[in-house]
Amino acid sequence: MTRTVALFFYYAFARHFPTQPVPGWRFGYWLRRHVVKKIFKHCGDDVLIKHDAYFGSGKNIEIGHRSQIGHGARIGHGAIIGDDVIMGPYIEIMTNAHAYDDPSRPINQQGKLPLKPVTIGNDVWLGTRVIVMPGVHIHDGAVIGACAIVTHDIPAYAVAVGIPAKVIRYRGDKT
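We now turn to the structure provided with this report. (Residues numbered from 1 in each chain as written. Predicted model: local features only at pLDDT ≥ 70, side-chain atom pairs only at ≥ 80, totals over all residues. Heavy atoms only, no water.)

**Examining the layout of surface pockets**
And then number 1: Here the largest pocket defines a volume of roughly 260 Å³.
And then number 2: Taken together, 13 residues form the lining of the largest pocket, with Arg74, Ile75, Gly76, Ile93 and Asn96 sitting closest to its centre. (1 Å grid on protein atoms, 1.4 Å probe; cavity = no way out; pocket = protein on both sides within 12 Å on 5 of 7 lines; lining within 4 Å. Points joined across faces, edges and corners; volume = space filled by probe spheres on them.)

**Comments concerning the environment of Ala156**
And then number 1: Note that Ala156 resides in the loop between β14 (149-150) and β15 (158-161).
And then number 2: A relative accessible area of 34% means that Ala156 is categorised as partly exposed.
And then number 3: With 104 residues separating them along the chain, Ala156 and Asp52 place their C-alpha atoms 30 Å apart.
And then number 4: For Ala156, the residues in contact, after removing those within four places along its chain, are His139, Asp140 and Tyr170. (Helix = DSSP H or I, 4+ residues; strand = E, 2+ residues; numbered from the N terminus. Buried < 20%, exposed > 50% of the residue type's maximum accessible area, 1.4 Å probe, protein only. Contact = heavy atoms within 4.5 Å.)

**Notes on the sheet that holds β14**
And then number 1: One open sheet holds the four strands; their spatial order is β5-β8-β11-β14, and the pairing between them is parallel. The outermost strands of the open sheet, each flanked by one partner alone, are β5 (74-75) and β14.
And then number 2: For β5 and strand β8 (residues 92-93), the ladder comprises two bridges, and the chain directions are parallel. Bridge pairing links Arg74 to Glu92 in β8. (Pairing = 2+ DSSP bridges.)

**Looking at unusual backbone geometry**
Note: most residues except glycine have negative phi, and most peptide bonds are trans.
And then number 1: Residues Gln20 and Pro21 are joined by a peptide bond in cis, for which omega reads 10°.
And then number 2: A cis amide bond links Ile163 with the next residue in sequence, Pro164, at an omega value of -10°.
And then number 3: Of note, Pro164 is situated in the loop between β15 and β16 (166-170).
And then number 4: Although it is not a glycine, Arg66 sits at a positive phi angle of roughly 60°.
And then number 5: Residue position: Arg66 is located in the loop between β3 (62-63) and β4 (68-69).
And then number 6: In this structure Arg66 comes out as partly exposed when scored by relative accessible area, which is 46%.
And then number 7: You will see that Asp123, though not glycine, has its phi angle at about 55°, which is positive.
And then number 8: The class for Asp123 is partly exposed, based on a relative accessible area of 36%.

**A look at the nonpolar core**
And then number 1: Ranked by size, the top nonpolar core spans 41 residues in total, and within it Ile75 and Ile138 carry the most contacts.
And then number 2: Mapped by element, the contributors of at least two residues to this core are α1 (3-12), α2 (25-36) and β15.
And then number 3: Setting aside its immediate chain neighbours within four residues, Ile75 contacts Tyr54, Phe55, Ile61, Ile69, Ile81, Met87 and Ile93. (Core = buried A, V, L, I, M, F, W, Y, C linked by side-chain atoms within 4.5 Å.)

**Let's talk about the pattern of salt bridges**
And then number 1: Inspection of every chain in the model, using the stated rule, returns five salt bridges.
And then number 2: Between Arg66 and Asp84 there is a salt bridge, with its nearest N and O atoms 2.7 Å apart. Placement of the pair is Arg66 in the loop between β3 and β4 and Asp84 in the loop between β6 (80-81) and β7 (86-87), with a sequence separation of 18 residues.
And then number 3: Here Arg171 and Asp123 are joined by a salt bridge, their closest N and O atoms 3.1 Å apart. Of this pair, Arg171 sits in the segment after β16 while Asp123 sits in the loop between β9 (119-120) and β10 (125-126); the two residues are 48 residues apart in sequence, bridging distant segments of the chain.
And then number 4: The exposure class of Arg171 is partly exposed, given its relative accessible area of 36%. (Salt bridge = Lys/Arg side-chain N within 4 Å of Asp/Glu carboxyl O.)

**Comments concerning the sheet that holds strand β12 (residues 137-138)**
And then number 1: Pairing is parallel in the open sheet, where five strands are placed in the order β1-β3-β6-β9-β12. Each having just a single partner strand, β1 (42-43) and β12 make up the two edges of the open sheet.
And then number 2: Bridge count for β9 against β12 is two bridges, and the pairing is parallel. By the bridge assignment, Thr119 is partnered in β12 with His137.

Listed below in structure tokens is the structure:
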């Protein structure tokens, strides 16, 4: 199966198969994983791609072993997702944006800014509706609370929440 055929098949059929606990969920996970292995730059073992995930052409996306892309997620080109990553539903990982600095021209005529890949380390948990902005690195073991907007790098084992996301503690702290 060529990459182009895999993309067509994913968006026309595979992305619509159910997610747990709806009957047929195991087949849906298997089918999406099988198709995505033909699309992404790298797709590890035992990856879960949940219902209705969107990743454009999948160009240069890498995902590690036992990680998942959540229900309704949108993943930008060039995102790197480590091993054992958990995503809640409706995650947005943005890797590009529009130029807007010239006030004499409409924004839609200024083009895109250069691609800024996002890196998500190993053993990271992104809560429901998290938005990760272009160029951010979320280091190993971090937890990002639901609805947070991550505008800057998050250190290893940090728990970050809010808009913009701020570190409130570290995993393992006895507070």
